[in-house]
Amino acid sequence: MFTFNDTARLQESELIAELRAGRESAFRMLVEMHQDKVYNTALAIVQHPEEAEDMAQEVFVEVYQTIGQFREEARLTTWLYRITTTKALAHLRKRKAQKRFSRLTSLFGINNEVLHDPPDFHHPGVALEQQEEMSTLFRAINRLADAQKVAFVLHYIEDQSHREIAEVMQGTVSAVESLLHRAKQNLRKQLTPFYQERKNP
Amino acid sequence: MNRNSEDQPWEDRFRKLKKLDRAQPRPYFYTRLEARLKARIEQSEAAAVLPWWLQKPAYALGTLGLLIAMNVAVALWQNRPAVPETDPGTYEAFVQDYQLNHQNAFVDE
């Protein structure tokens, strides 16, 4: 007897076969099914709506171009999360390098325009009364090391289990647990003054 | 205070992230994606026509620079001023060959 997961997997392999055959309707279905996951993951990492949308589009372009290389060892969702997190982290590194370069050129007077950090990120799904707290939390998440950031975002925003995160990051469950533990410790360190101030204004 | 009661408030704070409303990309996401994909396909088709060394702007500019430099070099070489050669049958050539000067040549006369 088929379980729900087996049925989902069967549908997924049909979808992959259709994608490989170059069916436009299959690609549209894939985008409609997964754009929310891809966009929200990218948004939590790059913390900029336009850049997150650009990332999401690039993810689907890559899927379209490389679906032939996809080995069905992993689930499609796992593969999508892997492409999204890799692209988002690469984007952050590029942004950091551009900022460093603009600072350097401004020192030599070549280009006086210094790139600044983007303003505080306000997630569109945050209620008004939580905006300050969530904005502080997202700023702290942004300061985490890359691997910790990915593990934390996938667990607390995308609600992925430790095993699923391990598959996305191509590591072990214990490595993910360790990453999450360190991420939480770092966030606690960063956020303690904020919550203390809130308690005793 | 034990460790669990210390951890719990933090866990609650982090779990608030799970309750956020999902963000949505701007409307017509798929239409924009389709346009991007089409442009990317056209770009890769155009690139397939060109040789590999012209697909990268740095190589293309380098090749162009090299061609210009070679043309300039050939043009300069072609238009160099001709060195006047002395006719071996003349008096001047005879003096030059035997390293004589006009004063010495007629000193014994």
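Every value quoted in this text rests on a predicted model; they were computed, and no experiment measured them.

(A) Structural context of the overall build of chain A. Looking only at helices and strands, chain A has eight helices and zero strands in total. Ordered by position from N to C terminus, the α and β elements of chain A give α-α-α-α-α-α-α-α. Counting all 201 residues of chain A, 44% fall into the buried class. Residue pairs at least 24 apart in sequence account for 62% of intrachain contacts in chain A once pairs closer than 6 positions are excluded. As displayed, chain A offers around 11,300 Å² of accessible surface, 52% of which is attributable to carbon and sulfur atoms.

(B) Region of interest: the overall build of chain B. Counting secondary structure elements, chain B contains six helices and zero strands. When its helices and strands are written in sequence order, chain B yields α-α-α-α-α-α. Of the roughly 9,300 Å² of accessible surface on chain B, a fraction of 59% belongs to carbon and sulfur atoms.

(C) Focus on unusual backbone geometry. The phi torsion at Gln170 of chain A lies on the positive side, around 55°, for a residue other than glycine. Within the secondary structure layout, Gln170 of chain A lies in the loop between helix H7 (162-169) and helix H8 (173-199). Residue class for Gln170 of chain A comes out exposed when judged on its relative accessible area of 61%. Even without being glycine, Tyr28 of chain B reaches a positive phi, approximately 65°. The topology assignment puts Tyr28 of chain B in the loop between helix H1 (3-15) and helix H2 (29-49).

(D) Region of interest: the pattern of salt bridges. According to the stated counting rule, one finds 22 salt bridges over all chains in the structure shown. The salt bridge partner of Asp54 of chain A is Arg36 of chain B, with a shortest N-O separation of 2.5 Å. Of this pair, Asp54 of chain A sits in helix H3 (residues 49-66) while Arg36 of chain B sits in helix H2, which puts the two residues in different chains. Judged by its relative accessible area of 31%, Asp54 of chain A falls in the partly exposed class. Taking the shortest distance from any N to any O, the salt bridge between Lys18 of chain B and Asp159 of chain A comes out at 3.1 Å.

(E) Just the nonpolar core, in detail. One finds Phe138, Ile141, Phe152, Leu187 and Leu191 of chain A together with Phe14 and Leu17 of chain B to be the most contacted residues of the largest nonpolar core, which totals 43 residues. Secondary-structure elements contributing two or more residues to this core are helix H2 (24-46), H3, helix H4 (76-107), helix H5 (131-142), helix H6 (146-156), H7 and H8 of chain A together with H1 of chain B. The element best represented in this core is H8 of chain A, accounting for eight residues. If sequence neighbours within four positions are ignored, Leu187 of chain A has contacts with Ala140, Ile141, Leu144 and Phe152 of chain A together with Trp10 and Phe14 of chain B.

(F) Region of interest: the UniProt feature "transmembrane region" (unreviewed entry) in chain B. When the UniProt feature table is mapped to this numbering, "transmembrane region" (unreviewed entry) covers residues 58-77 of chain B. The span residues 58-77 of chain B shows a helical share of 100% and a strand share of 0%, and its end C-alpha atoms are spaced 28 Å apart.

(G) Quick peek at the interface of chain A and chain B. In this assembly, 42 residues from chain A lie in contact with 27 residues from chain B. Here chain A meets chain B over a buried area of about 3,400 Å², counting both sides, of which 58% is carbon and sulfur. At the surface where chain A touches chain B, the tally comes to 12 salt bridges. Counting across the chain A and chain B interface gives 18 residue pairs in polar contact (both at pLDDT 80 or more). Where the side of chain A that touches chain B is concerned, the elements lending two or more residues are H2, H3, H5, H6 and H8 of chain A. Ranked by the residues each element gives to the side of chain A that touches chain B, the list is headed by H2 of chain A, at 10 residues.

(H) The side chain of Gln57 of chain A, seen in detail. Residue position: Gln57 of chain A is located in helix H3. Only 3.1 Å separates the side chain of Gln57 of chain A from the side chain of Arg36 of chain B, close enough to count as a polar contact. With residues near it in sequence (within four places) discarded, Gln57 of chain A still touches Phe29, Arg32, Leu33 and Arg36 of chain B.

(I) Expanded view of a nonpolar patch on the surface. Residue and element names in this part refer to chain B. A cluster of nonpolar side chains, contributed by Leu50, Trp52, Trp53, Leu54 and Tyr59, occupies part of the molecular surface with about 530 Å² of accessible area. Considering every element that reaches the nonpolar patch, the biggest residue donor is helix H3 (residues 52-55), with three residues. Tracing the backbone shows Trp53 in helix H3.

Cut-offs and rules
Residues numbered from 1 in each chain as written. Chains lettered and ligands numbered in written order. Predicted model: local features only at pLDDT ≥ 70, side-chain atom pairs only at ≥ 80, totals over all residues. Heavy atoms only, no water. Helix = DSSP H or I, 4+ residues; strand = E, 2+ residues; numbered from the N terminus. Buried < 20%, exposed > 50% of the residue type's maximum accessible area, 1.4 Å probe, protein only. Contact = heavy atoms within 4.5 Å. Areas by Shrake-Rupley, 256 points an atom, 1.4 Å probe, with all protein chains shown as cover. Salt bridge = Lys/Arg side-chain N within 4 Å of Asp/Glu carboxyl O. Core = buried A, V, L, I, M, F, W, Y, C linked by side-chain atoms within 4.5 Å. UniProt positions renumbered as here; feature names shortened; annotations may be inferred. Buried area = accessible area lost by both parts, 1.4 Å probe. Polar contact = N/O pair within 3.5 Å; in protein donor to acceptor, adjacent residues only side chain to side chain. Patch = residues over 30% accessible without salt bridge, like charges linked within 9 Å, V, L, I, M, F, W, Y side chains within 5 Å.

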